[in-house]
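# Observations on chain architecture
Each chain, written out:
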Amino acid sequence: MQKTIYEQTEDLIKEQLENWPMAKDNFYGLNSVEVKEVKFEGDFKVKVQFNPERIRSSSAKVDDKSIKERKCFLCSQNRPSVQKGVDFNGEYTILINPFPIFKKHLTIPGNLHQDQRIEERFVDMLQISRALEKYVVFYNGPKCGASAPDHFHFQAGNVGFLPVEDEFNSFKNKTLLDSTDDYKVYALDNYLRKGLVFTGCDTTVLNQLFSKAWSFFKDNIPSDPEPMVNILTFWEKNQWKIFLFPRNGHRPKQFFYDDPDKIMLSPASVDFGGVLITPRKEDFEKLNGEIITDIFNQVTIDDNVWEKLKRVFSK
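The sections below set out a description of the structure shown in this document.

## Considerations on the packing of helix α5 (residues 122-131) against helix α7 (residues 203-220)
Between α5 and α7, the least distance of the axes is 10 Å, while the angle of their chain directions is 135 degrees. Judged by the angle between their axes, α5 and α7 are oblique. The crossing of α5 and α7 is right-handed. Residues Phe 122, Val 123 and Leu 126 of α5 lie in contact with α7, whose contacting residues are Thr 203, Leu 206, Asn 207 and Phe 210. When grouped by side-chain class, the residues that make up the contact of α5 with α7 number 5 nonpolar, 2 polar and no charged.

What follows is the structure in structure tokens.
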């Protein structure tokens, strides 16, 4: 009997950590990363992780010139020979991420070298997350944390790591905007970042909801080369939970300051999910509730656009 995608992926992780020394060392290194929690009014928290191996991602140069001058590290011909993968529908390859944040961290590039654009691939994202049970699949837009905006890819990490997973269920400041037998649409308010949440089990219906949101994003948030948004999804209790975090900016002003005021934090899906990744110890120590609030205020959409978006989905 052929193994499921999930089972093949679990086997892949085991094999790679036995045979790829660099990946083994970096995954083992997660046992010693420093983590602190910052609590906020409304009974939610943000974790801050000091993870020096993530310096490559946090500081990645994603301008056109820099991208053209380097080889694409997601193309199969440029990957290390020791890096193996699991095929997904002949269109994607599931790989372990050798610079992990999660205890189980995957990168899932498309097999063709095509730009990071989600519009025609949202259903793929749902299908992958359904196959990878016990994983959160996430998408970083080309100016929303993707360190390879020239090669389409998703990432995934084990469930139970991101605070947003559990906080959504108990969060007091979520509003049910619309509900039918097929889906529910929620808004997350007073959560540092503004988030739209879809739940349901029909890919066609969920794709229609996504298209409705995407159409709004094109007209109302920065959209070069595509609307700025981070997306997380996972399969739980026979339905998907999909989190969309529309954005107003890529990196906060602190990223561009000179030391000692600089904070090398480039928010992406994991950060919007409630875990801030800091590759420098000094930034890990600086981050407090006031600074975290300021950073999210800079990169999430403003109140006027948010209220318009909620009206689009209100009953």
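## Structural notes on the sheet that holds strand β13 (residues 275-278)
With mixed pairing, 3 strands are arranged side by side in an open sheet as β1-β2-β13. The open sheet has two free edges, formed respectively by β1 (34-40) and β13, since each of these has just one partner strand. Here the strands of the sheet are splayed against their neighbours by 20 degrees on average, with no regard to which way each runs. Pairing analysis gives 7 bridges linking β1 to strand β2 (residues 44-50), with the strands arranged antiparallel. Bridging across to β2, Val 35 finds its partner in Gln 49. Contacts from helix α10 (residues 289-299) reach β1, β2 and β13 within the one sheet, and its direction differs from that of β1 by about 80 degrees.

## Some remarks on unusual backbone geometry
Here the residue pair Asp 224 and Pro 225 is connected by a cis peptide bond, since its omega of 5 degrees sits within 30 degrees of zero. Tracing the backbone shows Pro 225 in the loop between α7 and β11 (229-236). Here the residue pair Asp 259 and Pro 260 is connected by a cis peptide bond, since its omega of 10 degrees sits within 30 degrees of zero. If you check the backbone angles, Asn 238 has positive phi at about 65 degrees while not being a glycine. Structurally, Asn 238 can be placed in the loop between β11 and β12 (239-246). In this structure Asn 238 comes out as exposed when scored by relative accessible area, which is 58%.

Thresholds, definitions, all that
- Residues numbered from 1 in each chain as written.
- Predicted model: local features only at pLDDT ≥ 70, side-chain atom pairs only at ≥ 80, totals over all residues.
- Heavy atoms only, no water.
- Axes fitted to C-alpha atoms, helices over the stretch in contact; angles between N-to-C directions.
- Helix = DSSP H or I, 4+ residues; strand = E, 2+ residues; numbered from the N terminus.
- Parallel < 35°, antiparallel > 145°, perpendicular 65-115°, else oblique.
- Left-handed = near helix turned anticlockwise from the far one by under 90°.
- Contact = heavy atoms within 4.5 Å.
- Nonpolar A, V, L, I, M, F, W, Y, C, P; charged D, E, K, R; others polar.
- Pairing = 2+ DSSP bridges.
- Buried < 20%, exposed > 50% of the residue type's maximum accessible area, 1.4 Å probe, protein only.

The quantities given are spatial measurements derived from coordinates; they are silent on function.
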